[in-house]
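# Structural features, examined
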Amino acid sequence: FDDGKAERLARATLAKMTLEEKTSLLGGCATMYINAIPEVGIPREWGMSDCSHTMKPEHGRADWPYVRGVDDLSTSLPPLSALANTWNIELAPLHGKVMGEQNRARDKDMMLGPGVNIARTPLCGRNWEYFSEDPCLAGELAAALITSAQRKGIACTVKHFAANSQELDRMKVDTRVDERTLNEIYFPAFETAVKKGGVLSVMTSYNKVNGLFASENPYLETEILRQRWGFKGMTVSDWGGQHSCVPAALAGADVEMSAPSGITNFTDHLRHALPLADAVRAGEVPEATVDEMAFHVLYVMAKTGFLSGAQPKGERLTPRHQAAARAIGEEAGTLLKNRKGVLPLARGEVKRL
């Protein structure tokens, strides 16, 4: 869908909704799902897949363990760090196309990737799902992957915004970083994903950035994403990474996710409570803010074809997907040294390596 059509459909759907229905979209009803509201045209649950680079099995509805079975099997793709090792911009759309098709074959509407944080230290436990220590390379590959995947009727989620480069104390560490470093090193890949890739979702990180959690940080979510970069999609917390209701809503957060028992700030489907709606009635959050939050979700649903039933079916476990995985893996290999001629490479005969 083009932007105009998607906006009109999203606004028309929003106009049919009560405060409670709008709020119910802003937190997961299961570990990887947002609830359906058939009465207003949201026909089924919006399904997410925790797949930064390859299709993983289904998570349980109430917790983290994978529910394994033959129906979950998909072609495994190399990690994004390997894709970056290819330095081949033509392989990123191939990677994205396979991801988009596999998600749709599994009836998923949103993939939780790609990750574009900077590989600042080799000790970061998430480096495998990030591209590179180079913000330009990471941004260009991410944008190409996103554009290709989203053509298949899914939303990509660029993550983890922002300055998330370590796992130690990741739920509470405060990343202190100056404006120049943020804008020259940590932001550019996200900006390219938004402006050039048209990414439809941005996931906030666990850490604080200069004193405020990323999930309730108006500088990140409103000033940078919305005002400076013109982002129109939805923000989503990392799973269990939201810490408040009112501050998060006023800062620019949209959707809170975790296992259901941990989704308690905007919505609490497990206990049939809607704290954000209560905050509106108490005068702590303007209803117009909730309208915009829900609109961001509906816009993404419309843009992917979800609201109109226009998403393609997809495919998985095909020879074409397997060939794509092999092509990326082959080109990702890097020979640093050929000690004692371990590979039979003759200097005079090899023109390109």
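First things first, this report covers the structure right here in the doc. (Residues numbered from 1 in each chain as written. Predicted model: local features only at pLDDT ≥ 70, side-chain atom pairs only at ≥ 80, totals over all residues. Heavy atoms only, no water.)

## Describing the overall build of the chain
Along the chain, the regular secondary structure elements total 12 helices and 11 strands. Projecting the C-alpha coordinates of the chain onto the three principal axes gives extents of approximately 75 × 45 × 40 Å. Here the chain holds 353 residues, and 56% of them are scored as buried. Sequence-distant contacts, at least 24 apart, represent 74% of the contacts inside the chain between residues at least 6 apart. Accessible surface computed for the chain: about 15300 Å², of which carbon and sulfur atoms make up 53%. For the chain, the distance from the average position of its 41 positive side-chain charges to the average position of its 43 negative side-chain charges is 7 Å. (Helix = DSSP H or I, 4+ residues; strand = E, 2+ residues; numbered from the N terminus. Buried < 20%, exposed > 50% of the residue type's maximum accessible area, 1.4 Å probe, protein only. Contact = heavy atoms within 4.5 Å. Areas by Shrake-Rupley, 256 points an atom, 1.4 Å probe, with all protein chains shown as cover. Lys, Arg positive; Asp, Glu negative; His and termini not counted. Charge placed at Lys NZ, Arg CZ, Asp CG, Glu CD.)

## Examining the sheet that holds strand E5 (residues 110-111)
Spatially, the 6 strands line up as an open sheet ordered E1-E2-E5-E6-E8-E11, and their pairing is mixed. Strands with a single pairing partner mark the edges of an open sheet, and in this sheet they are strand E1 (33-34) and strand E11 (234-236). Here 2 bridges tie E1 to strand E2 (residues 46-49), and the two strands are oriented antiparallel to one another. Along E2, the bridge assignment pairs Tyr33 with Gly47. (Pairing = 2+ DSSP bridges.)

## Describing unusual backbone geometry
Each neighbour pair has its own omega, and for Lys159 with His160 the value is -5 degrees, a cis peptide bond. Within the element layout of this structure, His160 appears in strand E6 (residues 155-161). In this model, Phe161 is joined to Ala162 through a cis peptide bond whose omega is 15 degrees. Structurally, the position occupied by Ala162 is in the loop between E6 and strand E7 (174-175).

## As for the pairing of strand E8 (residues 201-204)
The alternating pattern of E8 places Ser201 and Met203 on one face and Val202 and Thr204 on the opposite face, and all of these are buried. In terms of strand pairing, E6 meets E8 through 3 bridges, oriented parallel. Pairing of Phe161 across the sheet is with Thr204, part of E8. Judged from the 3 bridges that link them, E8 and E11 form a sheet pairing that is parallel. Within E11, the position partnered with Val202 by the bridge is Thr235.

## Looking at the packing of aromatic side chains
Within the structure shown, the criterion is met by 7 aromatic pairs. Between Trp46 and Phe306, the aromatic rings sit 5.1 Å apart at their centres with planes inclined by 85 degrees, giving edge-to-face as the arrangement. Linking Trp46 in strand E2 with Phe306 in the loop between helix H11 (287-303) and helix H12 (319-332), this pair joins segments that are 260 residues apart in sequence. Accessibility assignment for this pair places Trp46 and Phe306 in one class, buried. Centroid distance Phe187 to Trp229: 5.7 Å. Interplanar angle 90 degrees. Geometry classified as edge-to-face. Taken as a pair, Phe187 in the loop between helix H6 (179-186) and helix H7 (188-195) and Trp229 in the loop between helix H8 (218-228) and E11 lie far apart in primary sequence, 42 residues in all. Look at Trp229 and you get buried, because its relative accessible area is 6%. Each member of the aromatic cluster is reached from another via a ring pair, and the members are Phe161, Phe187, Phe190, Tyr219 and Trp229. Taking the ring centre of Phe295 as reference, the NZ or CZ of Arg11 above it sits at 3.6 Å. The ring of Tyr33 has Arg61 lying over it, and the distance from NZ or CZ to the ring centre is 5.3 Å. (Phe/Tyr/Trp six-rings, centres within 6.5 Å; stacked < 30°, edge-to-face > 60°. Lys NZ or Arg CZ within 6 Å of the ring centre and 35° of its normal.)

## As for the layout of surface pockets
There is about 260 Å³ of room inside the largest pocket. Lining of the largest pocket is provided by 16 residues; of these, Asp50, Arg126, Glu129, Lys159 and Asp238 occupy positions nearest its centre. Classifying every residue of the lining of the largest pocket gives 7 nonpolar, 2 polar and 7 charged. (1 Å grid on protein atoms, 1.4 Å probe; cavity = no way out; pocket = protein on both sides within 12 Å on 5 of 7 lines; lining within 4 Å. Points joined across faces, edges and corners; volume = space filled by probe spheres on them. Nonpolar A, V, L, I, M, F, W, Y, C, P; charged D, E, K, R; others polar.)

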